[in-house]
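Architecture and fold: a report
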Amino acid sequence: AYNNDAFGMIAKAASYSLFGAAITKADVEGEFTCEGPITVFAPNDDAFADFAKASGLSKVEIMNFPGLKDVLLNHVAKGKFTAAEGLPAEITMVSGKKVSTAGMSFKKNDIKV
């Protein structure tokens, strides 16, 4: 059974199974279970599969991608960020990468917000 932290919510959601498996494979569960608040910009399985394909890898091979840890940590940020509250122009991810929020679309529990 999974907890109701960010990793648990991802791991329980059927449409995010690749992202959840990658988090476990890359051994970064701690970044998704730490005391928050944290915000996860989680790619669903379709988006994760598109990333694998664009990288020339299968969904199985992507789990051994050398940059997998960085890719995953580019999807989680310390703090609470919501479209409803307005977003800063840029968010610094746990990886240290600064990501522009311009043009981002959001869903919460698979519901576009």
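Given the structure is predicted, the values throughout are model-derived calculations rather than measurements.

A few words on the packing of aromatic side chains. Applying the stated criterion to the full structure yields four aromatic pairs. For the pair Phe19 and Phe48, a centre-to-centre distance of 6.2 Å together with 70° between the ring planes defines the contact as edge-to-face. Taken together, the positions of Phe19 in helix α2 (residues 17–25) and Phe48 in helix α4 (residues 45–54) put the pair 29 residues apart, joining distant regions of the chain. Each member of the pair Phe19 and Phe48 is classed as buried. What links up through ring pairs into an aromatic cluster is the set Phe19, Phe32, Phe48, Phe51 and Phe65.

Our next topic: the nonpolar core. Among the nonpolar cores identified, the biggest contains 18 residues, and Phe19, Ile23, Val28, Phe32, Phe48 and Leu72 are the most heavily contacted of them. Those elements that place two or more of their residues in this core are α1 (6–12), α2, α4 and α5 (68–73). No other element matches the four residues that α2 contributes to this core. Formed by five residues, the second largest nonpolar core is a distinct cluster that contains Ala77, Ile91, Met93 and Val99.

The subject of this paragraph is the side chain of Thr101. Position of Thr101 relative to the elements: it lies in the loop between β4 (98–100) and β5 (107–108). Here Thr101 falls in the buried class, since its relative accessible area comes to 11%. A polar contact of 2.6 Å, which involves the side chain of Thr101, links it to the backbone oxygen of Pro88. Setting aside residues up to four positions removed in sequence, Thr101 forms contacts with Leu87, Pro88, Ala89, Glu90 and Ile91.

Looking now at the pattern of salt bridges. By the definition in use, this model includes two salt bridges. Measuring nitrogen to oxygen at the nearest pair gives 3.9 Å for the salt bridge that ties Glu31 to Lys78. Residue Glu31 is located in helix α3 (residues 29–33), and its partner Lys78 is located in strand β2 (residues 76–78); the two are separated by 47 residues in the primary sequence. Of the residues examined, Glu31 reaches a relative accessible area of 27% and is grouped as partly exposed.

Moving on: the environment of Lys80. Position of Lys80 relative to the elements: it lies in the loop between β2 and β3 (90–92). Separated by 44 residues in sequence, Lys80 and Gly36 have C-alpha atoms that sit 8.3 Å apart. The residues touching Lys80, leaving out its near neighbours within four places in the chain, are Pro37, Thr39 and Glu85. Among the polar contacts made by the side chain of Lys80, one reaches the side chain of Glu85 at a distance of 3.4 Å.

What counts and how
Residues numbered from 1 in each chain as written. Predicted model: local features only at pLDDT ≥ 70, side-chain atom pairs only at ≥ 80, totals over all residues. Heavy atoms only, no water. Phe/Tyr/Trp six-rings, centres within 6.5 Å; stacked < 30°, edge-to-face > 60°. Helix = DSSP H or I, 4+ residues; strand = E, 2+ residues; numbered from the N terminus. Buried < 20%, exposed > 50% of the residue type's maximum accessible area, 1.4 Å probe, protein only. Core = buried A, V, L, I, M, F, W, Y, C linked by side-chain atoms within 4.5 Å. Polar contact = N/O pair within 3.5 Å; in protein donor to acceptor, adjacent residues only side chain to side chain. Contact = heavy atoms within 4.5 Å. Salt bridge = Lys/Arg side-chain N within 4 Å of Asp/Glu carboxyl O.

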